[in-house]
Amino acid sequence: MAFKRNLLVCTPLECETMEEILASMEKAKTEGADLVELCLDSMSFYHVSEVEKLIKQRTLPAIVSYRLKSSRTSGKGDCKTTCLQVLRLALELDVEFVEMDFEVASDIGMAECMYKRANTKIIVSSYVNGGKPSNEKLGHLIACMQSTGADVMKLVIDVDYITDLAPVFQMLTHCQVPLIIIAVGSRGLISQLLGPKFGGFLVYGSLDGKSIPGLPTLVSLKHVYKLEYLNADTKVFGLISNPVGHSKGPVLHNPAFRHTGYNGIYVPMLVDDVKEFFRTYTGTDFAGFSVGIPHKEAAVGCCDEVHPLAKSIGAVNTIVRRPIDGKLIGYNTDCEACITAIEDALRERRFVNGEACDASPIAGKTFVLVGAGGAGRALAFGAKNRGAQVIIFNRNYERAKALADAVSGEALPYECLNTFSPQKGMILANASAVGMEPNPDQTPVSKEALRAYELVFDAVYTPRNTRLLQEAAEVGAIVVSGVEMFIRQALGQFRLFTGGLAPEDFMRKLVLEQF
């Protein structure tokens, strides 16, 4: 079977029966896979003839593999004998690829079969664990694997932190033989998304509905990332956050890059230690970052220079690596994004009522803020600059007090939030994670307490219509979704990332379709 393109996208199929494998293969084909890995150590069969039947019925090119050391082979008796039988059969049937463990490839009997093969390409794989691998260790391992006569090397690596991947990318760039990398776990996702940029031989993707930690879905590869457009010059951007799975940034920035002809990719980066991340990824390939929970404040200290607004807020949500000297420059696009979204909603209501005013409609208002993290700081400073009286509630009272002092506001105990009602017509802004998926049933403020507010803003945008916003609308308040803030701050980020104009209509339409 021939391949249609240079970049290969593969789906691993781990099924117990031949019927399941064939059905999953058809699904993989529909979702855009170029080939499948038939993980035959997961399949139950009584005779190797069943494997022959499966291979002959395949509807996609395949990698045939049989792992000696996996949870699926425990208790299966003489695994090595079965493994050798399956792999020899695959070679005889001239399957596109046969993958074998380094231990198996070193077997004298298998070496003879490899020598006599016709068109089959041999992938020799090895499992690497025990913390961050060094370049020396990886280089030595690859040299040993290559000595078996392999056509392609494959390293499966345990990843504790995203920074463990730095030597992997260096190895991909400098390796003289085709190399496949799989980093196990959610922190290893960028090993697949950035692999083609650094020279990876193929990319793995999971079937929709059958997620595998560390692998993107086939659907996202096909519709969001489109890795076939990547090359060595592609600039890498991403969201630094923890958690990161909720982010809609990739579905916005990647199509926008392609729409404007900019050679970039935007990926989710699950980061535990933001300082270590920036100490590790210092190359100009990593050109810019969105900064999310909980790193917005700590990231300020990672920047070489900080924009005055971001410095006064004490939080950055955007970092750009300046091309001329590689320095990290921090910005905050959250502040204007959320404040202008609130102002525009208030102005629209007043315009409908026949009221007009040049001053900010926030001026003189009591602005009640829930949350004192990075987004909360942006809202607090923005509201103060517009002339509002800022009242802050946070589970950690000392954090609330420190922020209140910085904006000449007032901090009150979190337990008093639902009873705080000194006047009608206040503004409420939720900058906490309360109500975010996977807990959309939660809300920071009771429905009854919402009657005191003219407008309610929720920085949470997954889900789009949070419980807080639903209940605020029910009691007659103006509601502003975090989606609007997301769009506006993303437009600001895109301009900083690319140094050009953002396609506002395109990006806004894209976000509203996706949420």
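Everything discussed here concerns the structure shown above.
Cut-offs used in this document
- Residues numbered from 1 in each chain as written.
- Predicted model: local features only at pLDDT ≥ 70, side-chain atom pairs only at ≥ 80, totals over all residues.
- Heavy atoms only, no water.
- Core = buried A, V, L, I, M, F, W, Y, C linked by side-chain atoms within 4.5 Å.
- Buried < 20%, exposed > 50% of the residue type's maximum accessible area, 1.4 Å probe, protein only.
- Helix = DSSP H or I, 4+ residues; strand = E, 2+ residues; numbered from the N terminus.
- Contact = heavy atoms within 4.5 Å.
- Pairing = 2+ DSSP bridges.
- Axes fitted to C-alpha atoms, helices over the stretch in contact; angles between N-to-C directions.
- Phe/Tyr/Trp six-rings, centres within 6.5 Å; stacked < 30°, edge-to-face > 60°.
- Right-handed = clockwise from strand over helix to strand, strands pointing away.

Asks: I would appreciate a short explanation of the nonpolar core in the present structure.
Replies: Across soluble globular proteins, nonpolar side chains have a tendency to be buried as a group. Of all hydrophobic cores here, the largest spans 97 residues; its most connected members are L38, L40, L155 and M269. Of the residues forming this core, the biggest block, 8 residues, is contributed by helix α3 (residues 79–92). Contact partners of L38, with chain neighbours within four places excluded, come to L13, I21, M25, L54, A62, I63, V64 and S65. Grouped together as the second largest cluster of nonpolar side chains are 37 residues, C335, A372, V390 and A429 included.

Asks: Honestly, the sheet that holds strand β20 (residues 478–480) in this entry has me stumped. Any pointers?
Replies: Within a sheet, adjacent strands bond to each other through the backbone by hydrogen bonds, running parallel or antiparallel. Spatial strand order, β17-β16-β15-β18-β19-β20: 6 strands in an open sheet with parallel pairing. With partners counted over all chains shown, the strands left at the sheet margins are β17 (410–413) and β20, one partner each. Along the sheet, successive strands turn relative to each other by an average axial angle of 20°, direction set aside. Here strand β15 (residues 366–370) pairs with strand β18 (residues 426–430) via 4 bridges, running parallel.

Asks: Which parts of the structure should I look at to understand unusual backbone geometry?
Replies: Outside of glycine, negative phi angles account for most residues, and trans bonds account for most peptide bonds. In the segment running from I293 into P294, the intervening peptide bond is cis, with an omega of -5°. Mapping P294 onto the fold places it in the loop between β11 (286–291) and β12 (305–306). Cis geometry marks the peptide bond from T462 to P463; its omega dihedral reads 10°. Its place among the elements puts P463 in the loop between β19 (453–458) and α17 (467–474). Phi at D94 is positive, roughly 60°, even though this residue is not glycine. By the secondary structure assignment, D94 is in the loop between α3 and β4 (97–101). Residue classification places D94 among the partly exposed positions, given a relative accessible area of 27%.

Asks: Please explain the environment of P323 as it appears in this structure.
Replies: The residue P323 is located in the loop between β13 (318–321) and β14 (328–331) in this model. C-alpha separation for the pair P323 and D158, spaced 165 residues apart in sequence, amounts to 33 Å.

Asks: Please clarify how the sheet that holds strand β10 (residues 264–270) should be interpreted in this entry.
Replies: An order of β10-β9-β11-β13-β14-β12 is seen for the 6 strands of this open sheet, with the pairing classed as mixed. Each edge of the open sheet is held by one strand with a lone partner, namely β10 and β12. Note that β12 and β14 share 2 bridges and pair parallel. Opposite V306, over in β14, you have G330 as the bridge partner.

Asks: What is the right way to read the packing of aromatic side chains from this model?
Replies: Aromatic rings in a pair are described by how distant their centres are and how their planes are angled relative to each other. Inspection of the entire model under this criterion finds 16 aromatic pairs. Between Y461 and F486, the aromatic rings sit 4.7 Å apart at their centres with planes inclined by 35°, giving tilted as the arrangement. In this pair, Y461 is assigned in the loop between β19 and α17 and F486 in helix α18 (residues 482–498), connecting sequence segments 25 residues apart. Note on accessibility: Y461 and F486 belong to one class, buried.

Asks: What am I meant to see in the pairing of strand β7 (residues 179–184) here?
Replies: Within β7, 5 of the 6 residues are buried, which leaves it mostly tucked inside the rest of the structure. Pairing analysis gives 6 bridges linking strand β6 (residues 152–158) to β7, with the strands arranged parallel. Pairing of D158 across the sheet is with V184, part of β7. Once the chain exits β6 it traverses helix α7 (residues 166–174) before rejoining the sheet at β7, and the crossover so formed is right-handed.

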